[in-house]
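# What the coordinates show
In case you want the letters, here they are:
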Amino acid sequence: MAAQEIESGTSWGKELWDQFDNLATHTQKGIDFFERFGNFIRDRSAIEVEYALKLRRLVKNYQPKKSKEDEENEFSSLIAFKNVLKEVADLAGQREVVAENLQNQVLQNIMLLSKILREERKKALNQGAGLTQSLHTQIGTLDRAKRSYEKAFREAEKAIESYHKADADFHLSRADVEKQRVNMNIRNSQSEDAKSEYANQLQITNKQQQQHYQIALPEVFNKLQELDEKRTRGMKEFIKRAADVEYEVSPIIARCLEGMVKAADSINEKDDSMIVIEKYQSGFQPPGDIPFEDLSKSDPDASNNSQTHNSSTGLNHMTGKGTTKDKLKKRVGIFGIFTGNKEDFSDLPPTQRRKKLTAKVQELQQKVAQEQAASDGLMKMKGVYEANSMLGDPRTVEEQLNESVNRLDRLRHELGRYQKLLEQANNQTFIQHSPQSNRVTQNGQRSSRHSNGSSNHENSHEDNGEDHPDDAGSLSSSASPESGLGTSHTSLPGSGQGSTNEQPMNEEYYEAETPLGTCRALYPFDATSEGSIPMSEGEELQVIEVDQGDGWTRVRRFSSKGWEEGFVPTSYIECTLYA
């Protein structure tokens, strides 16, 4: 390679024969620059690692919290966002791959090549310094030989001049002249020897100098040129390799971006709207028209009722006197104990209750199937052990089998209970209006939402063949002041003194809370929470406060203990409200 470059006229040894120091400085700066490029790759790799770490932290921070209810009714936008987070996590993984490959395939090779270049440069510079020192030594020897020759030549000339003067002086003896002649010959001989040594050293020096500047030193310079070009080629290769490292993961990154676009395309606003309907649909119908009350027509009964009772025209506040907005707000706070987490889901609206019951039945059916399979397996194992006692003792399986049978019985019992609840919920005749709107009377007559087509409350009682207290009497005599949940019977004067058929009592005392109507229990209800009261199927109760949207109605009844007030599930009763 060096010979080819010398022939082509691009050799440092030929063109820069006298630039040893500059070439040494240039190669040092080149290696320093190459190592700086390595530091750049190292820092970039660190940034890639930090970027990947921050992406993963971002995904973790924005990961939606898992909820069983959300899993059942996940919106397409939420699913899409989860998929986007997965793609971002994959992007973080690819950035980690880039960082790892930059370190292993680029940075390590840069450091290795830099070490090799430094060693080669040091070796070449030491070689060049040795050659230069040898040439300088030879030149010093030549200088000494030249100075010796010059001294011997001057002494020889002086001896010759002294001899010629002595030979021309007739006053000197023959011996003195001969003495000068001998000295002259000695000096001439010394001069010739010094001249020969000088000529010899000059020949040696010229030969070494020619060898130095034409062969030895150009060879050193060509080595420096070769390692400098190797460094330059390394820069080229490693820059390309760093780009290739990222190019290799670009298809995966592109697929991640395609996955994000696909996740976005999967969002369907119509499907999400249907999920909202499925999630919050109560099963109630919107309220009907509020009837017009013609006050010009004289109706003594209606006048009495209007004086005794106060029916609010607002569907959301259809309560008796004394039931203010503050009272409603108080009820929401106290009544939080009834909202949610009932085993029979009776606190939910009809549609949501059927949905929850169906899911519970399916869950129990799956558990029963699993437990049945486990029990069958234990039975087979027991039969095998009984047939061949060498395989095992059947008594070891019997205890497990008994536990499995007990669990299976409990699951089947629970499944039967929820299937019955689901059947009752499916067979129940749902009201045609919301709880508030169905309490509005038609044509000034009290109507029941479950009176088999009859809008007259008295006819409904006659069809059932039951003895119910007169509603008018209940209106005028059955009332209690507002108090805590399920505790108003302790504050009612005259508790246990007759039924709703008794004569009206002091209306001013009961004006604080007047019954809004009556209701009949469709199903038996066992009070399990504070503030609720039990009722039996077909029992007649007074409505004190209508359902406020939480699935519960506040009622009052007369029992052996006196007057009792509390809450019952709205879906368990049929109501008849006064006009």
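A short tour of the structure in this document, coming up. (Residues numbered from 1 in each chain as written. Predicted model: local features only at pLDDT ≥ 70, side-chain atom pairs only at ≥ 80, totals over all residues. Heavy atoms only, no water.)

### Remarks on the packing of helix 3 (residues 20-61) against helix 6 (residues 174-265)
Formally: A fitted line through C-alpha atoms serves as each axis, taken over the contacting stretch for helices, and the angle formed by two N-to-C directions is quoted from 0 to 180°. Secondary structure follows DSSP: runs of H or I at least 4 residues long count as helices, runs of E at least 2 residues long count as strands, and numbering of each begins at the N terminus. Under this scheme an angle from 65 to 115 degrees is roughly perpendicular, one under 35 degrees roughly parallel, and one over 145 degrees roughly antiparallel; angles in between are oblique. Here a crossing is called left-handed whenever its near helix is offset anticlockwise from the far helix by less than a right angle, and right-handed whenever the offset is clockwise. Throughout, a residue-residue contact means that at least one pair of heavy atoms, one from each residue, lies within 4.5 Å. Three classes are used: nonpolar for Ala, Val, Leu, Ile, Met, Phe, Trp, Tyr, Cys and Pro, charged for Asp, Glu, Lys and Arg, and polar for all others, with Gly counted as polar.
The interhelical angle for the contact between helix 3 and helix 6, taken along N-to-C directions, is 15°, at an axis separation of 11 Å. By the angle class used here, helix 3 and helix 6 are roughly parallel. Of the two possible hands of crossing, helix 3 and helix 6 adopt the one that is left-handed. On helix 6, the residues touching Phe20, Leu23, His26, Thr27, Gly30, Ile31, Phe33, Phe34, Phe37, Ile41 and Arg44 of helix 3 are Leu217, Phe221, Leu224, Leu227, Asp228, Arg231, Gly234, Met235, Phe238, Ile239, Ala242 and Glu246. Residue composition of the contact of helix 3 with helix 6, by class: 15 nonpolar, four polar and four charged.

### Quick notes on the packing of aromatic side chains
Each aromatic ring pair is described using two quantities: the centre-to-centre distance and the angle formed by the ring planes. We apply this condition: Pairs were defined over the aromatic rings of Phe, Tyr and Trp, the Trp ring being its six-membered one, requiring ring centres within 6.5 Å. Orientation was assigned from the angle between planes: stacked under 30 degrees, edge-to-face over 60, tilted for the rest. For the exposure calls, accessible area comes from a 1.4 Å probe over protein chains only, and a residue counts as buried if that area is under 20% of its type's maximum, exposed if over 50%, partly exposed in between.
Under the criterion given, the structure shown has 10 aromatic pairs. Judged by centre distance (6.2 Å) and plane angle (40°), the rings of Tyr149 and Phe153 are tilted. Of the two residues, Tyr149 and Phe153 are both situated in helix 5 (residues 76-168); the distance of four residues between them amounts to about one turn of the helix. With 5.1 Å between their ring centres and 65° between their planes, Phe558 and Trp563 make a pair best called edge-to-face. Look at Phe558 and you get partly exposed, because its relative accessible area is 29%. Residue class for Trp563 comes out buried when judged on its relative accessible area of 7%. Among the aromatic residues, those joined into a cluster by ring pairs are Tyr523, Phe525, Trp552 and Tyr572.

### Quick notes on the packing of helix 5 against helix 6
In contact at an axis separation of 6 Å, helix 5 and helix 6 are set at 175° when each is read in the N-to-C sense. By the angle class used here, helix 5 and helix 6 are roughly antiparallel.

### A look at the sheet that holds strand 3 (residues 552-559)
To keep it simple, the criterion reads: Strands are treated as partners if at least two bridges between them are detected by DSSP.
With antiparallel pairing, the five strands of this open sheet are ordered in space as 4-3-2-1-5. What marks the edges here is a single partner per strand, and that holds for strand 4 (562-569) and strand 5 (573-577). Averaged over all adjacent pairs, the angle separating strand axes in this sheet is 35°, with direction ignored.

### Notes on the pattern of salt bridges
What counts here: The rule for a salt bridge is simple: a side-chain nitrogen of Lys or Arg has to be within 4 Å of a carboxyl oxygen of Asp or Glu.
Using the criterion set out here, one finds 23 salt bridges in the structure. Lys230 serves as the salt-bridge partner of Glu120, at 3.2 Å between the closest nitrogen and oxygen. One end of the pair, Glu120, is in helix 5; the other, Lys230, is in helix 6, and 110 residues separate them in sequence. According to the relative accessible area criterion, Lys230 is partly exposed, its value standing at 23%. In this structure, Lys165 engages Glu161 in a salt bridge whose closest nitrogen and oxygen atoms are separated by 3.7 Å. With a gap of four residues between them, Lys165 and Glu161 both fall in helix 5, about one helical turn apart. Taking the relative accessible area as the measure of exposure, Glu161 reaches 45% and is therefore partly exposed. One salt-bridge network, in which partners are shared between bridges, spans Arg44, Glu48, Arg95 and Glu246.

### Thoughts on the nonpolar core
To keep it simple, the criterion reads: Here, the term nonpolar core denotes a set of buried Ala, Val, Leu, Ile, Met, Phe, Trp, Tyr and Cys residues that are joined through side-chain atoms within 4.5 Å.
In terms of nonpolar packing, the biggest core is built from 36 residues, with Phe34, Ile41, Leu102, Ile110, Phe221, Leu224 and Phe238 touching the most fellow members. Residue assignment for this core shows that the elements contributing at least two residues are helix 3, helix 5 and helix 6. With 13 residues, helix 5 is the largest single contributor of residues to this core.

### Overview of the pairing of strand 5
In terms of burial, strand 5 is a largely internal element, five of the five residues being buried. Every second residue of strand 5 is oriented toward a common face, with Ile573, Cys575 and Leu577 on one face and Glu574 and Thr576 on the other, all of them buried. Where strand 1 (residues 517-521) lies against strand 5, five bridges are found, and the strand directions are antiparallel. By the bridge assignment, Ala521 is partnered in strand 5 with Ile573.

### A short note on the state of the cysteines
Applied cut-off: Any cysteine sulfur atom paired with another within 2.5 Å is treated as part of a disulfide.
For the coordinates displayed, the defined rule picks out zero disulfides. Its sulfur unpaired, Cys519 is 4.9 Å from the next cysteine sulfur, which belongs to Cys575. What makes Cys575 buried here is its relative accessible area of 3%.

### Remarks on the side chain of Glu87
Selection criterion: Charge assignment: positive for Lys and Arg, negative for Asp and Glu; neither His nor the chain ends contribute.
Counting through the fold element by element, Glu87 comes out in helix 5. The charged side chain of Glu87 is buried without a salt bridge, its nearest counter-charge being Arg255 at 8.2 Å. Once residues lying within four places of it in the same chain are set aside, the contact partners of Glu87 are Arg255, Cys256, Gly259 and Met260.

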